[in-house]
Amino acid sequence: MIENDQKYGGLFVSYAAAATLVYYGTYIFNGWFFSSVKIAPYVSLIYLPAAVRMLFALVLGLPAAIGMALGTLLIIYTTQGAWTVVWYEAIPVSIISGFSPLVAVAVGVRWLRLPSDLRGLKPSHLMQFTLLGALCNSIPTNGFYWLAGNLDTPLPAMAQMFVGDVLGTLLVLWLASTVLKVLVPKKG
């Protein structure tokens, strides 16, 4: 635990709590703002929280994963109704949602030799992390729902979730890039 305190400056719980609240808030905003582009129950064509997952995984690591898993539980039990969701489905989905970005970061850093933090990331790196994050989320989430008997076939739902994650992340990256260009003019 001493090592974690040094790495996170004793703010592990604060980072996890912030990740929980930001992820939950982004989900609520996404549901409100993009309600017209919902393509399936709980699947949006543009899913902004996917960008939050990848950003937090890159910046905060484990506290973010724990926070996003808790945020997913909060989402499940406040938006889908506690009476309709059983814990043995909610907990695995929450763990997948929270920890899949860490898997994407680990795969990107190890196999693709991408930078392990935001320093030195190029647009091509961001695209690779975006695709990895969408794959690492859509495949296990829909695979779990299929194995649990909630889907006849996981492929259409995987594709829909993958597209929503990619488009949501790319939209956030484009907006961030645009804001940075406006606020930080190029040196000439």
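Above this text sits the structure in question.
Presented here is an overview of the structure given in this document. (Residues numbered from 1 in each chain as written. Predicted model: local features only at pLDDT ≥ 70, side-chain atom pairs only at ≥ 80, totals over all residues. Heavy atoms only, no water.)

Things to note about the overall build of the protein
Okay, step 1: When you go through the protein residue by residue, the secondary structure sums to seven helices and two strands.
Okay, step 2: Counting from the amino terminus, helix and strand elements in the protein follow one another as α-α-β-β-α-α-α-α-α.
Okay, step 3: A buried classification covers 41% of the 188 residues belonging to the protein.
Okay, step 4: Of the contacts made within the protein by residues no fewer than 6 positions apart, 66% connect residues no fewer than 24 positions apart.
Okay, step 5: By element, 71% of the accessible surface of the protein is carried by carbon and sulfur atoms, the whole surface being about 11,000 Å². (Helix = DSSP H or I, 4+ residues; strand = E, 2+ residues; numbered from the N terminus. Buried < 20%, exposed > 50% of the residue type's maximum accessible area, 1.4 Å probe, protein only. Contact = heavy atoms within 4.5 Å. Areas by Shrake-Rupley, 256 points an atom, 1.4 Å probe, with all protein chains shown as cover.)

Some remarks on the layout of surface pockets
Okay, step 1: Computed from the structure, the second largest pocket encloses a volume of approximately 580 Å³.
Okay, step 2: The wall of the second largest pocket is formed by 21 residues, among which Leu 126, Val 172, Leu 173, Ala 176 and Ser 177 lie closest to the centre.
Okay, step 3: Listed by contribution, the elements that provide at least two residues to the lining of the second largest pocket are α3 (49-59), α6 (123-147) and α7 (154-183).
Okay, step 4: If one sorts the elements of the lining of the second largest pocket by residue count, α7 sits on top with eight residues.
Okay, step 5: Partitioning the lining of the second largest pocket into residue classes produces 16 nonpolar, three polar and two charged. (1 Å grid on protein atoms, 1.4 Å probe; cavity = no way out; pocket = protein on both sides within 12 Å on 5 of 7 lines; lining within 4 Å. Points joined across faces, edges and corners; volume = space filled by probe spheres on them. Nonpolar A, V, L, I, M, F, W, Y, C, P; charged D, E, K, R; others polar.)

Some remarks on the pattern of salt bridges
Okay, step 1: A full pass over the atoms with the stated rule returns one salt bridge.
Okay, step 2: We note a salt bridge from Asp 165 to Arg 53, for which the minimum N-O separation is 3.0 Å. Taken as a pair, Asp 165 in helix α7 and Arg 53 in helix α3 lie far apart in primary sequence, 112 residues in all. (Salt bridge = Lys/Arg side-chain N within 4 Å of Asp/Glu carboxyl O.)

Remarks on the packing of α6 against α7
Okay, step 1: With their axes 8 Å apart at the nearest point, α6 and α7 run at an angle of 150 degrees to one another. Comparing their axes, α7 and α6 come out roughly antiparallel. Two packed elements cross with a definite hand, and for α6 against α7 that hand is right-handed.
Okay, step 2: When grouped by side-chain class, the residues that make up the contact of α6 with α7 number 15 nonpolar, seven polar and one charged. (Axes fitted to C-alpha atoms, helices over the stretch in contact; angles between N-to-C directions. Parallel < 35°, antiparallel > 145°, perpendicular 65-115°, else oblique. Left-handed = near helix turned anticlockwise from the far one by under 90°.)

Some remarks on empty space enclosed by the protein
Okay, step 1: Considering all chains together, one arrives at one cavity of 30 Å³ or more under this definition.
Okay, step 2: Roughly 50 Å³ of volume is contained in the largest cavity.
Okay, step 3: Looking at the largest cavity, the residues that line it are Ala 50, Arg 53, Met 54, Ser 100, Pro 101, Thr 130, Gly 133, Ala 134, Asn 137, Asp 165 and Thr 169.
Okay, step 4: Those elements giving two or more residues to the lining of the largest cavity turn out to be α3, α5 (87-110), α6 and α7.
Okay, step 5: No other element matches α6, which puts four residues into the lining of the largest cavity.
Okay, step 6: Class assignment of the residues belonging to the lining of the largest cavity gives a composition of four nonpolar, five polar and two charged.

Comments concerning the packing of aromatic side chains
Okay, step 1: Counted under the stated rule, the structure contains seven aromatic pairs.
Okay, step 2: Taking the centre distance of 5.8 Å and the plane angle of 50 degrees together, the rings of Trp 32 and Phe 33 count as tilted.
Okay, step 3: Residue class for Trp 32 comes out exposed when judged on its relative accessible area of 60%.
Okay, step 4: Their ring planes at 90 degrees and their centres at 5.0 Å tell us that Phe 33 and Phe 34 sit as a pair that is edge-to-face.
Okay, step 5: Assessed through its relative accessible area of 47%, Phe 33 is described here as partly exposed.
Okay, step 6: Each residue in the set Phe 29, Trp 32, Phe 33 and Phe 34 is aromatic and connected to the rest through ring pairs, giving one cluster. (Phe/Tyr/Trp six-rings, centres within 6.5 Å; stacked < 30°, edge-to-face > 60°.)

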